[in-house]
Amino acid sequence: MSDNGTRTFTKRTLISKISYSFKYVRKYWRTPPKGRFLSFKEFFLYCLGGMGVSGGTVLPTFLTLTAGLYIAAALKISVNDIVLSGIISSIVVVLRGPLVSMIIDNTKSKMGKFRPWIVRLPIPILLSFVATIFIPSALNSSYTWMFITYVIFFNVLQFLVNLYSLSFNTLVQVISPSPNERTQLMSFGSIIYSLGPSLINLLFPLLANYLFSQKNNSGEIEVMGINSMDALKWIIPIFALVCFSLGLITAFGTKERMVLNEKSQLKVKFIDGIKHIAINKYFWLTIISGFLGIFRLVGTTYTAWLATYYIKTEWSQSLLITLIGSANVPGMLLAPVLIKKYGKKALSILSGIFCAIMTIPIVIWPSEPYLVYVMSLLITLANGVNVVVTPALSAQINDYQQYKTGDRLEGFISQVSSMILTGAGIAFAYVTPFIYKTFGYINDTSVLYDIINVTSPIIRWTSVLGVISSFLFAVPFFFWDLSETRHEAIMEILAVRAHLKDGKISVDDANSLEDRIEKGEVGVASSLVEKIFEDDLSEKSLTFDEFVENEIQKKEEKRDNT
């Protein structure tokens with residue numbers, strides 16, 4: 001770049017960068033820029049469809065038996081039966097794990113391993129929503145049959161949604177072989193597709209409370225609309241139809257790019273999958289962390305209670321939940337920079353410690369709804385980094401698994417993790433209900449309006465668990481030694497092995513390359529990674545800086561010619 005071009009660009013830095021950024025995106029809308037595997041179009045379509053996927057998968061929270069809220073309040077289900085339902089659902093999660101993992105890890109089609117399920121499942125999920133809402137409600141004259149049918153259909157719904165969300169969430173881990181590109185997609189993409197849940201959490205309470213709240217003769221609200229069966233019947237199916245239709249954009253607008261040889265069959269027996277996972281120490285570190293941190297976000301779970309039982313206005317839940325849903329955005333946005341500077345290990349440790357510190361004021365002042373809410377916002381802010389770090393760690397775990405055993409086991413790793421944590425969670429199933437019942441909440445939600453004697457003590461003592469759990473969450477990551485540099489080396493080794501199996505390099509060359517990589521040489525086989533996906537790449541593409549320099553030179557040449 002000439003000195004004149006540099007001065008011109010420097011004088012108008014912000015305007016110039018914005019202008020060149022738009023031009024750069026337009027130029028590489030359909031083909032990836034230099035050093036990347038994703039075009040901007042694919043990046044955008046993943047995020048746009050993700051709004052629907054994420055919005056759709058948050059809808060079951062309104063049908064989950066939540067103490068004092070939603071369908072539990074509408075059907076008048078007792079705390080004891082909420083616990084029973086939770087235990088049954090946990091057992092089902094453990095039992096369904098092998099089936100889900102076998103389905104995912106043995107799927108092979110022209111669309112890949114994960115995208116087919118984003119196409120196949122929306123209609124069955126929509127029908128399950130309808131069944132879970134309408135059938136128990138129709139049988140409410142018999143509490144027993146109402147409860148039984150709810151448990152059956154809700155668990156069918158959860159099975160389908162679990163398979164659907166697992167497919168979408170794992171797709172981001174194989175959409176690019178570049179760890180940096182995946183991290184950027186998780187970061188910026190999660191901000192975009194988190195708009196789906198934000199809109200759902202804004203619109204559902206707002207519409208439900210305004211359309212279906214029940215008032216007495218004095219105009220005071222006796223039953224909030226969010227606790228009305230009519231709100232669930234009318235609003236949830238419509239939202240589900242819109243969300244899962246939008247999710248199809250992700251399925252048809254993206255590709256899967258795994259570092260595999262051309263003849264790989266992706267067939268895994270269940271017993272073999274379990275044996276192979278057993279030697280993955282990073283998998284076990286995340287399992288232990290998840291187990292110890294099971295209560296770490298409990299301070300963020302009382303937003304709906306604050307709105308319903310403390311503030312008591314029709315709009316408060318929509319506003320408070322929408323704001324808290326957006327509180328993780330700064331963390332998600334900063335995650336790539338923070339990961340690059342500090343690493344995933346350090347961020348996981350700091351996140352746990354920060355959540356613990358921010359939960360302490362909730363323990364001390366649980367009767368101050370706005371202070372509790374501010375602390376919840378700060379906890380959510382810290383967890384925003386984890387929204388990106390957690391799937392990034394999962395991607396590393398999956399790549400390490402392939403490096404150790406030769407198998408891609410995303411389904412097994414995800415489901416075995418879910419089975420273990422859910423099974424362990426059964427042991428804690430009675431902890432929070434015990435605290436509820438200790439302070440007088442059993443099945444009558446009206447007692448929750450007594451914030452001094454009932455609701456605030458519940459919040460205080462569950463938050464004590466949150467403080468302890470948050471600190472413990474960080475402990476296993478002190479033993480994490482899979483650095484970013486080591487992971488990049490693993491990706492190169494996988495590329496070497498794939499080329500060897502395809503007969504594109506000799507055994508001696510493969511052994512030599514792998515030996516050099518294991519000894520710490522950097523970038524030895526990075527070109528082999530690119531060759532696997534060469535159809536997605538363009539030799540003429542440029543980085544952003546090269547593109548800017550090229551554009552400035554064109555302007556200078558044009559000016560000189562005139």
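Residues numbered from 1 in each chain as written. Predicted model: local features only at pLDDT ≥ 70, side-chain atom pairs only at ≥ 80, totals over all residues. Heavy atoms only, no water.

Caption draft 1: Main features of the overall build of the chain. Counting its secondary structure elements, the chain contains 25 helices and 2 strands. Taking 562 residues into account, the globule formula puts the C-alpha radius of gyration at 24 Å, and the chain, at 26 Å, falls close to it. Every one of the 562 residues in the chain was classed for burial, and the buried ones make up 53%. For the chain, contacts bridging at least 24 residues in sequence account for 80% of all contacts bridging at least 6. Accessible surface, the chain: about 25,400 Å² in total, of which carbon and sulfur atoms supply 63%. Side chains of the chain give 50 positive and 41 negative charges; the mean places of these two sets differ by 2 Å. (Helix = DSSP H or I, 4+ residues; strand = E, 2+ residues; numbered from the N terminus. Rg over C-alpha atoms; globule rule 2.2 N^0.38 Å. Buried < 20%, exposed > 50% of the residue type's maximum accessible area, 1.4 Å probe, protein only. Contact = heavy atoms within 4.5 Å. Areas by Shrake-Rupley, 256 points an atom, 1.4 Å probe, with all protein chains shown as cover. Lys, Arg positive; Asp, Glu negative; His and termini not counted. Charge placed at Lys NZ, Arg CZ, Asp CG, Glu CD.)

Caption draft 2: How the structure looks around unusual backbone geometry. The phi torsion at Lys 76 lies on the positive side, around 55°, for a residue other than glycine. Mapped onto the elements of the fold, Lys 76 is located in the loop between helix H4 (70-74) and helix H5 (79-105). Lys 76 sits in the exposed class, given a relative accessible area of 66%.

Caption draft 3: Representation of the nonpolar core in the model. By size, the foremost hydrophobic cluster in this structure holds 133 residues, and its most contacted members are Tyr 46, Ile 125, Phe 129, Phe 204 and Leu 232. For this core, the element with the highest residue contribution is helix H8 (residues 143-174), accounting for 16 residues. Once residues lying within four places of it in the same chain are set aside, the contact partners of Tyr 46 are Phe 168, Leu 171, Val 172, Ile 175, Leu 185, Tyr 193, Thr 250 and Thr 254. Ranked by size, the runner-up nonpolar core spans 6 residues in total, among them Tyr 20, Tyr 24, Tyr 28 and Phe 547. (Core = buried A, V, L, I, M, F, W, Y, C linked by side-chain atoms within 4.5 Å.)

Caption draft 4: How the structure looks around the side chain of Thr 303. Relative to the helices and strands, Thr 303 is located in helix H15 (residues 303-311). Sequence-distant contacts of Thr 303, that is, excluding residues within four places in its chain, are made with Leu 320, Ile 321, Ile 324 and Tyr 373.

Caption draft 5: Focus on H8. The first and last C-alpha atoms of H8 sit 46 Å apart over 32 residues, in line with the 46 Å expected at 1.5 Å per residue. Burial analysis of H8 places 23 of its 32 residues in the buried class, the great majority of the element. (Expected span 1.5 Å × (residues − 1).)

Caption draft 6: Up close: the packing of aromatic side chains. As enumerated under the stated definition, the model contains 21 aromatic pairs in all. Note on Trp 305 and Tyr 436: the rings are 5.8 Å apart at their centroids and 40° apart in plane angle, and the pair reads as tilted. With Trp 305 in helix H15 and Tyr 436 in helix H20 (residues 431-438), this residue pair connects regions lying 131 residues apart in the sequence. Judged by relative accessible area, Trp 305 falls into the buried class, the value being 3%. Given the relative accessible area of 12%, Tyr 436 is considered buried. Of the aromatic side chains, those joined through ring pairs into one cluster are Tyr 282, Tyr 400, Tyr 403, Phe 473, Phe 477 and Trp 480. A cation sits over an aromatic face here: Arg 296 above Phe 473, 4.0 Å from the ring centre. (Phe/Tyr/Trp six-rings, centres within 6.5 Å; stacked < 30°, edge-to-face > 60°. Lys NZ or Arg CZ within 6 Å of the ring centre and 35° of its normal.)

Caption draft 7: Focus on helix H10 (residues 195-212). The first and last C-alpha atoms of H10 sit 25 Å apart over 18 residues, in line with the 26 Å expected at 1.5 Å per residue. Three or more residues of H10 are buried, namely Gly 196, Pro 197, Ser 198, Ile 200, Asn 201, Phe 204, Pro 205, Ala 208, Asn 209 and Phe 212. Each element contacted by the buried residues of H10 is listed here: helix H3 (40-58), H4, helix H9 (179-193), strand E1 (214-215), helix H11 (229-246) and helix H16 (316-326).

Caption draft 8: Local environment of the environment of Cys 47. Summarising the element assignment, Cys 47 is placed in helix H3. Judged by relative accessible area, Cys 47 falls into the buried class, the value being 0%. Residues Cys 47 and Leu 195 lie 148 residues apart in sequence; the distance between their C-alpha atoms is 10.0 Å. Beyond its immediate sequence surroundings of up to four residues, Cys 47 is in contact with Leu 185, Gly 189, Ile 192 and Tyr 193.

Caption draft 9: Layout of the pattern of salt bridges. Evaluation of the coordinates by the stated rule reveals 8 salt bridges. Across the pair Arg 486 and Glu 518 runs a salt bridge, and its minimum N-O distance is 3.0 Å. Of the two residues, Arg 486 sits in helix H22 (residues 484-501) while Glu 518 sits in helix H23 (residues 507-518), which places them 32 residues apart along the sequence. Under the relative-accessibility criterion, Arg 486 is labelled partly exposed at 26%. For Lys 519, the salt bridge identified is with Asp 515, shortest N-O distance 3.2 Å. Taking the relative accessible area as the measure of exposure, Lys 519 reaches 65% and is therefore exposed. Judged by its relative accessible area of 38%, Asp 515 falls in the partly exposed class. (Salt bridge = Lys/Arg side-chain N within 4 Å of Asp/Glu carboxyl O.)

Caption draft 10: Summary view of the state of the cysteines. Counted according to the given criterion, the structure contains 0 disulfides. Left without a disulfide partner, Cys 47 is nearest to the cysteine sulfur of Cys 243, which lies 16 Å away. (Disulfide = S-S within 2.5 Å.)

Caption draft 11: Fine view of the confidence of the model for the chain. When pLDDT is averaged along the chain, the result is 82, and 90% of the positions lie at 70 or above. Low pLDDT, under 50, characterises residues 4-11; the stretch is placed with 10 contacts to residues that sit more than four places away or in other chains. (pLDDT = per-residue confidence, 0-100.)

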